[in-house]
Amino acid sequence: MSATPLTLHYHPLSSFCWKVLMALYENDTPFTPNVVNLGDAAERAALLKLWPIGKFPVLRDDAQDRTIPESSIIIEYLDNQYPGRTRFIPADAKAALQTRLRDRFYDLYVHLPMQKIMTDRLWPADKKDPRGVEEARAQLRTSYAMIEQQMSAATWAMGEAFTLADCAAAPSLFYGNMAAPFGEDQKNLRAYFERLKARPSFARVMNEAEPYFSMVPKEGS
């Protein structure tokens, strides 16, 4: 039997999984990692049994007999049930609301358009969606400009405290810079991204993902 009640079903290359891994590593929260290969029928069936949507990450808490999907919900669950030195949602209600908004900003307006561009690289020529990709690039340009302004006088997404919003920012900006590189004039955005990469929790995530980087679709592929 596992020494910890928590099992994370994930893949080391998945950007949304990175978000949860960062939260776990921030607080040294014990968990059992279960890497899921969606191309394996048995592993996919096991994930679908846990969460019929069939997407990871999924956290299983045997102590509470609960299955928790969706990266933001998992992190808030950890904050409530397995708190540590880093609190991901501020206690203040107004700050908590702003943190959740910033988390949604990174997921919806950086993460999703990034995924649109990266996924399109996997399709054959007759299945590609150039208009959709250009719309995604335009969204990223708008989002980058907003982040550049937001980070003009802040260390982390919400100021001086590392939060849920930074867990959302790190993977979306890592892959976003591959999909649509940051502008040379976006110094605040670049500096923020460097701070994220230097954060031990994110450095560990990137190190664990490195053996899989050859699978990341490149432009022109």
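Calculation rules
- Residue positions are given per chain, counting from 1 as you read along its sequence in written order.
- Confidence filtering applies because this is a predicted model: local features only for residues at pLDDT of at least 70, side-chain atom pairs given and counted only at 80 or more, and all residues used for totals across whole chains, interfaces and linings.
- For the side-chain quantities, the full set of heavy atoms in the structure was used; hydrogens and water were omitted.
- Secondary structure counts use DSSP, requiring at least four H or I residues in a row for a helix and at least two E residues in a row for a strand, with both numbered from the N terminus.
- The globule rule is 2.2 Å times the number of residues to the power 0.38, and the radius of gyration it is compared with is taken over C-alpha atoms.
- Burial here depends on accessible area, computed with a 1.4 Å probe over protein chains only, as a share of the maximum for the residue type. Under 20% is buried, over 50% is exposed, and the range in between is partly exposed.
- We call two residues in contact whenever any of their non-hydrogen atoms come within 4.5 Å of each other.
- What sets the accessible areas is the Shrake-Rupley method with a 1.4 Å probe; for residues, cover comes only from the shown protein chains.
- Helix axes use the C-alpha atoms of the stretch in contact, all axes being lines fitted to C-alpha atoms, and the angles between their N-to-C directions lie in the range 0 to 180 degrees.
- By the definition used in this description, the sense in which the near helix is turned from the far one sets the handedness, with an anticlockwise turn below a right angle giving left-handed and a clockwise turn giving right-handed.
- For this classification, Asp, Glu, Lys and Arg are treated as charged, while Ala, Val, Leu, Ile, Met, Phe, Trp, Tyr, Cys and Pro are nonpolar and the rest, including Gly, are polar.
- Side-chain rings of Phe, Tyr and Trp (the six-membered ring for Trp) are treated as a pair once their centres are within 6.5 Å; stacked means planes under 30 degrees apart, edge-to-face means over 60, and tilted covers the remaining angles.
- Salt bridges are defined by distance alone: a side-chain nitrogen of Lys or Arg within 4 Å of a carboxyl oxygen of Asp or Glu.
- Residues belong to one nonpolar core when they are buried, are Ala, Val, Leu, Ile, Met, Phe, Trp, Tyr or Cys, and are joined through side-chain atoms within 4.5 Å.
- Counting of polar contacts relies on pairs of N or O atoms within 3.5 Å, with two restrictions inside protein: one atom must be capable of donating a hydrogen and the other of accepting it, and residues adjacent in sequence are counted only when both atoms are side-chain atoms.
- Following DSSP output, two strands are said to pair if at least two bridges run between them.
- Expected span of a helix: the number of residues minus one, times 1.5 Å.

> Provide a residue-level description of the overall build of the protein, including the pertinent values.
When you go through the protein residue by residue, the secondary structure sums to 8 helices and 4 strands. Going from the N terminus to the C terminus, the protein shows its helices and strands as β-α-β-α-β-β-α-α-α-α-α-α. For 221 residues, the compact-globule estimate of 2.2 N^0.38 gives 17 Å, and the C-alpha radius of gyration of the protein, at 18 Å, lies within 12% of that figure. Judged by the C-alpha coordinates and their principal axes, the protein covers about 50 × 45 × 30 Å. Within the protein, the fraction of its 221 residues that count as buried is 48%. For the protein, the share of sequence-separated contacts (at least 6 apart) that also reach a separation of at least 24 residues comes to 68%. Split by element, the accessible area of the protein, about 11,300 Å² in all, is 56% carbon and sulfur.

> Break down the packing of helix α3 (residues 71-81) against helix α4 (residues 93-120) for me, with residues and values.
One can describe the packing of α3 onto α4 by two numbers: an axis separation of 11 Å at closest approach and a directional angle of 150°. For the crossing formed where α3 meets α4, the hand is right-handed. Each of Ser 71, Ser 72 and Glu 76 in α3 lies in contact with α4, whose residues at this interface are Arg 100, Asp 103, Arg 104 and Asp 107. Its residues placed into classes, the contact of α3 with α4 shows no nonpolar, 2 polar and 5 charged.

> Explain the packing of aromatic side chains to me, and be specific about the residues and the numbers.
On inspection of all chains with the given rule, the structure shows 14 aromatic pairs. Note on Trp 156 and Tyr 192: the rings are 6.4 Å apart at their centroids and 70° apart in plane angle, and the pair reads as edge-to-face. Of this pair, Trp 156 sits in the loop between α5 (130-150) and α6 (164-179) while Tyr 192 sits in helix α7 (residues 187-198), and the two are 36 residues apart along the sequence. The exposure classification of Trp 156 matches that of Tyr 192, with both residues buried. Look at Phe 174 and Phe 202: their rings are 6.4 Å apart centre to centre, the planes differ by 90°, and that puts the pair in the edge-to-face class.

> Could you give an account of the pattern of salt bridges, naming the residues involved and the relevant values?
In the structure shown here, the tally under the stated rule is 16 salt bridges. Note that Arg 190 and Glu 184 form a salt bridge whose closest N and O atoms lie 3.5 Å from each other. Among the ionic contacts, a cluster of salt bridges with common partners joins Lys 19, Asp 103, Arg 104 and Asp 107.

> Go over the nonpolar core with me, naming the residues and quoting the values.
The tendency in soluble globular proteins is for nonpolar side chains to be buried as a group. Core analysis: the largest hydrophobic core is formed by 63 residues, its most contacted members being Tyr 106, Ile 147, Leu 173, Tyr 192, Leu 196 and Phe 202. The greatest single-element share of this core, amounting to 10 residues, is contributed by α6. Setting aside its immediate chain neighbours within four residues, Leu 196 contacts Trp 156, Phe 162, Asp 166, Ala 169, Ala 170, Leu 173 and Phe 202.

> Residue-level account of the side chain of Asn 27, with values.
Relative to the assigned elements, Asn 27 resides in the loop between α1 (15-26) and β2 (32-35). A relative accessible area of 12% means that Asn 27 is categorised as buried. There is a polar contact of 3.1 Å between the side chain of Asn 27 and the backbone nitrogen of Arg 85. If we skip the residues at most four places from it in the chain, Asn 27 touches Gly 84, Arg 85, Thr 86 and Phe 88.

> Give me the sheet that holds strand β3 (residues 58-61): which residues, what numbers.
Strand order in the open sheet formed by 4 strands is β2-β1-β3-β4, and the pairing between neighbours is mixed. Lying at the two open borders of the sheet, with one neighbouring strand each, are β2 and β4 (66-69). Neighbouring strand axes in the sheet, compared pairwise and without regard to direction, differ in orientation by 20° on average. With 4 bridges joining them, strand β1 (residues 6-10) and β3 adopt antiparallel strand pairing. Across the sheet, the residue bridging to Leu 8 is Leu 59, located in β3.

> Which residues make up α1, and what values go with them?
For α1, with 12 residues, the first-to-last C-alpha span of 17 Å sits near the 16 Å given by 1.5 Å per residue. Across the 12 residues of α1, 12 count as buried, placing the element largely inside the fold. When we look at burial in α1, the residues that qualify are Ser 15, Phe 16, Cys 17, Trp 18, Lys 19, Val 20, Leu 21, Met 22, Ala 23, Leu 24, Tyr 25 and Glu 26. Next to the buried residues of α1 lie β1, α3, α4, α6 and α8 (200-209).

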